[in-house]
Structure formats: structure tokens, C-alpha cells
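Architecture and fold: a report
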Amino acid sequence: KQEVTQIPAALSVPEGENLVLNCSFTDSAIYNLQWFRQDPGKGLTSLLLIQSSQREQTSGRLNASLDKSSGRSTLYIAASQPGDSATYLCAVPYSGSARQLTFGSGTQLTVLP
Amino acid sequence: GAGVSQSPRYKVAKRGQDVALRCDPISGHVSLFWYQQALGQGPEFLTYFQNEAQLDKSGLPSDRFFAERPEGSVSTLKIQRTQQEDSAVYLCASSFSPGGREGELFFGEGSRLTVL
């Protein structure tokens, strides 16, 4: 069974800092990994989707990397802003199923002005 | 529509009542998923539809949970005889690709169910 762990569970940083969120998964036989953002009381917004053949994806100030062999992904946020405050979740397909996603519990990020 | 729409956004039910939660996926999206999210946790898979066919319902926690998508568009998640442990946010997601394998998942804002 696929298990996804995110560290740290919560993070508070001053505005302007660069930061890294970590995601690890137990079964490396994945074909993609997705990072989501969730604001309080809201649904999930897809940030980046990395296919298994890719090592990283970039969107604006966000950069996500994927190392399948070690079962790890990182989300790098450059020059953080208060508007980045949210919970960040990573998700990978459930082992043996193309359909289910297994989510981590998320990292709750607070960027202080 | 422009995004995945869910209703109601909030639902309070007395224990034992039946509830129905609706999801309108993005037009043309083949795949539709239901997830359950407990407070402080990541979403957990409930069930998956490809068009009108329910191909995977392995995540439904009990036979009190039932989902349908009769015309391959709108989906309804029904919970019978609700119990307090059913309290959670129920998220619907859709994807253009079968199985959501290659495409991104687009989520609705969820239906928050509170069972008293």
C-alpha cells in the first residue's frame, strides 16, 4: 500500500524567505506526482504535476522536483509572500491503481508579513 | 462550467438521517472521483467513475455509502443513516483523462458534512 509522508507538518517563515517542503512515498513505481494547495475551507488547487519521466517542473516561483528512486519530492517556493499561506499537499497514484491518489497530510505554511 | 461545482457547501444532519451530496464536474471530463477529508488530514479516496461506469468503489467505508453518475456527468454521493464518524469534507474531482492517469485533477470546494 502506498504511503505518503510530508515534513514538516507546519512551517512559519518571514516574508521573502525561500523554503522547501518535503514529500516522501513508499512505492516508487509511480507515473506522476502532483502538488496541491488548499486554503482554509476550500478545495484543492493543482500547482504542479510531474510525470515520472521528468525530474522537475516549474511554475512561477514554484519548483517541484521528483526523485523516484529515493521516493522523494520537494516543493521549492522562492521569495515567499503572505498570500502563499495555505496547506500544501502532495499526492501520488495508489500502488496498483491508476485511479486512486494517495495524499500526504500536508504542510501548513504561514508566511508572516 | 468553469470549475467543479459541489452542493451543498455545508450540511448539518442529525444522526440517522440520509444525506445527498452533488457534484457537477468540468464539462467533458471523463473521470470523476470522490474523496473524504477529515480535519487535519489529506483526502482519502472513496470512489471513481469513468463516464457513467463506477469502476472503483473500494474506498467506500461501508454499505451506507452509495455513489452514482447515471448520465456520465453529474454525480451524487449518498450517505444513509449518517453517523458521527461520517463528519468530514467530501471532495469531488474530475479529470479529462480516463483514470486521471495523465491529466491533472481539478477539485471542487467540497461539501462539509457535520453529523450531530
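The following refers to the structure shown. All figures in this text were calculated on a predicted structure; none of them were measured in a lab.

Some points on the nonpolar core
If you look at the biggest cluster of nonpolar residues, it comprises 22 residues, and the most contacted ones within it are Phe25, Leu33, Trp35, Leu75, Ile77, Tyr88 and Leu109 of chain A. Contributing elements (two or more residues each) for this core: β3 (19-25), β4 (32-38), β5 (44-51), β7 (62-67), β8 (72-77), β9 (86-93) and β11 (107-112) of chain A. Within the second largest apolar cluster, 20 residues are counted, among which are Ala13, Val19, Phe65 and Leu77 of chain B.

Concerning the sheet that holds strand β8 (residues 75-79) of chain B
All names here are of chain B. Sheet architecture is open: 4 strands sit in the order β1-β3-β8-β7, paired in antiparallel fashion. Pairing within the sheet leaves two strands with one partner each, and these edge strands are β1 (5-7) and β7 (65-68). The average undirected angle you get between the axes of adjacent strands in this sheet is 15°. The pairing of β7 with β8 spans 4 bridges and is antiparallel. In the sheet register, Phe66 faces β8, and the bridge partner there is Lys78.

Digging into the interface of chain B and chain A
Counting from both sides, the interface comprises 24 residues of chain B and, opposite them, 21 residues of chain A. Roughly 1,800 Å² is buried in total at the junction of chain B and chain A, and carbon and sulfur atoms are behind 49% of that figure. Between chain B and chain A we count 1 salt bridge in total. Across the pair Glu109 of chain B and Lys42 of chain A runs a salt bridge whose closest N-O atoms are separated by 3.7 Å. Counting every contact that joins chain B to chain A gives 6 residue pairs in polar contact (both at pLDDT 80 or more). Put simply, the parts of the chain that give the side of chain B that touches chain A at least two residues each are β4 (31-37), β5 (44-50) and β6 (53-56) of chain B. Considering every element that reaches the side of chain B that touches chain A, the biggest residue donor is β4 of chain B, with 3 residues. Broken down by class, the residue content of the side of chain B that touches chain A amounts to 9 nonpolar, 8 polar and 7 charged.

Focus: the packing of aromatic side chains
Overall, the coordinates contain 9 aromatic pairs over all chains when judged by the stated rule. Each ring, one from Phe36 of chain A and one from Phe103 of chain A, has its centre 5.5 Å from the other, and the planes form 40°; the classification is tilted. Of this pair, Phe36 of chain A sits in strand β4 while Phe103 of chain A sits in strand β10 (residues 101-103); the two residues are 67 residues apart in sequence, bridging distant segments of the chain. Phe103 of chain A matches Phe36 of chain A in its accessibility class, with the two residues each being buried. For the ring pair Phe65 of chain B and Tyr90 of chain B, a centre distance of 6.4 Å and an interplane angle of 40° mean the geometry is tilted. Here Phe65 of chain B is found in strand β7, whereas its partner Tyr90 of chain B is found in strand β9 (residues 88-95), with 25 residues between them in sequence. An identical accessibility class is assigned to Phe65 of chain B and Tyr90 of chain B; each is buried. Here the aromatic residues Phe36 and Phe103 of chain A together with Phe33, Tyr35, Phe45, Tyr48 and Phe107 of chain B are joined through ring pairs into a cluster of three or more.

Topic: the sheet that holds strand β6 (residues 56-59) of chain A
Residue and element names in this part refer to chain A. Pairing in this open sheet of 5 strands is antiparallel, and the strands run β1-β3-β8-β7-β6 from one edge to the other. The open sheet terminates on both sides in strands that have one partner only, identified here as β1 (4-7) and β6. Taken pair by pair, the neighbouring strands of this sheet meet at an average axis angle of 15°, ignoring direction. Across 4 bridges, the pairing between β1 and β3 is antiparallel.

Rules used throughout
- Once a new chain begins, its residue numbering starts again from 1 and follows that chain's sequence as written.
- Throughout, the order in which chains and ligands are written sets their labels, letters from A for the former and numbers from 1 for the latter.
- Where local features are concerned, this predicted model is filtered to residues with pLDDT of at least 70; where side-chain atom pairs are given and counted, the filter is 80 or more; whole-chain, interface and lining totals use all residues.
- Computation of side-chain values: all heavy atoms of the structure, hydrogens and water removed.
- To qualify as a nonpolar core, a set must consist of buried Ala, Val, Leu, Ile, Met, Phe, Trp, Tyr and Cys residues joined through side-chain atoms within 4.5 Å.
- When a residue's accessible area, from a 1.4 Å probe over protein chains only, is under 20% of the maximum for its type it is buried; when over 50% it is exposed; and in between it is partly exposed.
- Each helix is a run of DSSP H or I of at least 4 residues and each strand a run of E of at least 2, with the numbering of both proceeding from the N terminus.
- Each pair of strands is called paired provided DSSP finds at least two bridges between the two strands.
- Convention adopted: a line fitted to C-alpha atoms gives each axis, helices being fitted over their contacting stretch, and angles between N-to-C directions are expressed from 0 to 180 degrees.
- Every residue pair with non-hydrogen atoms within 4.5 Å of one another is taken to be in contact.
- Two parts placed together each lose some accessible area under a 1.4 Å probe, and adding up what both lose gives the buried area.
- Only one rule defines a salt bridge in this text: a Lys or Arg side-chain nitrogen within 4 Å of an Asp or Glu carboxyl oxygen.
- In protein, a polar contact means a hydrogen-donor-capable atom and an acceptor-capable atom, both N or O and within 3.5 Å, with residues adjacent in sequence counting only if both atoms are side-chain atoms; elsewhere, any N or O pair within 3.5 Å suffices.
- All residues other than Ala, Val, Leu, Ile, Met, Phe, Trp, Tyr, Cys, Pro, Asp, Glu, Lys and Arg, Gly among them, are scored as polar; the first ten of these are nonpolar and the last four charged.
- Only Phe, Tyr and Trp rings are paired, with Trp represented by its six-membered ring, and only when their centres lie within 6.5 Å; those with planes under 30 degrees apart are stacked, over 60 edge-to-face, the remainder tilted.

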